[in-house]
Amino acid sequence: MTKPDAINADQMGDVLGLLVHDLRNPAATITANVDFLQEVELADTDSIEALEDVKLAVGELRRGLDMLAWISRWLTGHVPLEAANGDAGMFVERLERANTAVPVTIEIARDDQLYAQGAQVAVEVVDLLLHNTRANVAEPSATVRVYQDDEWVVIEVEDAGEAIAPELRDKAFTLEGQKALKGRLDGRYSRFVGLFAAAVVLDGVGGTIEAAGEKGAAVFRIRLRGARPTRPPTR
């Protein structure tokens, strides 16, 4: 079979969508069987640890499938992830009660106007960035800040790792840039082309993401368009 000269985006999106659908079924089967084996309380410690490793690995696989699903929808011209407008600070604040990938400190400028378009995506994208911290920082933890910047609501994720190199920042969130990030400490590559997936999801709600910072103070900056809160109808 000869290699095609060009790949149609719609066709590639459809194929990715099929792959995601097909792979979700065996992933769910593995998870269900691991849950069953954990419930029977195996006596062997090594077996228990092995099952936990399998469960974690399948969780990562399912996370990757979510990202591929976002990219699939983007390629076919659909909104990658439907996300409600809302108070971005409120969505980020939920991380304090969640089982996050790394320990998180939350800083919210509560006097600012934090209502934003597609604010619900904040939970997904920040979670993705916290997994990036876990993979790229020796003693991982992160600070997440939410504040207003003119017409934008900004969410920053800062950690003590290497910042993305200045020469890579323009391409770090593009499809073609993922290969350039891989294998570089200052590339901050995210598994499952996560930085590209983050840009795709944010683009679907009119938002953006950028890299900033320096060594020991790496920053990812999400920008969401400010919106007016919807008010309940008066009686």
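So, how was this worked out
Residues numbered from 1 in each chain as written. Predicted model: local features only at pLDDT ≥ 70, side-chain atom pairs only at ≥ 80, totals over all residues. Heavy atoms only, no water. Salt bridge = Lys/Arg side-chain N within 4 Å of Asp/Glu carboxyl O. Helix = DSSP H or I, 4+ residues; strand = E, 2+ residues; numbered from the N terminus. Buried < 20%, exposed > 50% of the residue type's maximum accessible area, 1.4 Å probe, protein only. pLDDT = per-residue confidence, 0-100. Expected span 1.5 Å × (residues − 1). Pairing = 2+ DSSP bridges. Axes fitted to C-alpha atoms, helices over the stretch in contact; angles between N-to-C directions.

**Side note on the pattern of salt bridges**
Argument step 1. Applying the stated rule across the entire model yields 17 salt bridges.
Argument step 2. Note that Arg24 and Asp66 form a salt bridge whose closest N and O atoms lie 3.1 Å from each other. Of this pair, Arg24 sits in helix α1 (residues 9-39) while Asp66 sits in helix α2 (residues 45-75), and the two are 42 residues apart along the sequence.
Argument step 3. With relative accessibility at 33%, the residue Arg24 sits in the partly exposed group.

**With respect to the confidence of the model for the chain**
Predicted coordinates in areas of low pLDDT are best not read in detail.
Argument step 1. Of the residues in the chain, 94% have a pLDDT of 70 or more, and the chain-wide mean is 89.
Argument step 2. Averaged pLDDT values over the elements of the chain bottom out at 82 in α1 and peak at 98 in strand β5 (residues 152-159).

**Comments concerning helix α4 (residues 121-136)**
Argument step 1. Compared with the 22 Å implied by 1.5 Å per residue over 16 residues, the 23 Å span of α4 between its first and last C-alpha is a close match.
Argument step 2. Every buried residue belonging to α4 is among Val121, Ala122, Val125, Val126, Leu128, Leu129, Leu130, His131, Asn132 and Thr133, and all of these are buried.

**Quick notes on the sheet that holds β5**
Argument step 1. Read from one edge of the open sheet, five strands run β2-β4-β5-β7-β6, paired in mixed fashion. Edge positions in the sheet fall to β2 (104-108) and β6 (208-214), since each of these pairs with one other strand and no more. Neighbouring strand axes in the sheet, compared pairwise and without regard to direction, differ in orientation by 20 degrees on average.
Argument step 2. Across eight bridges, β5 lies against strand β7 (residues 217-225) in antiparallel orientation. Each bridged residue has a counterpart across the sheet, and for Ile155 the counterpart in β7 is Ile222.

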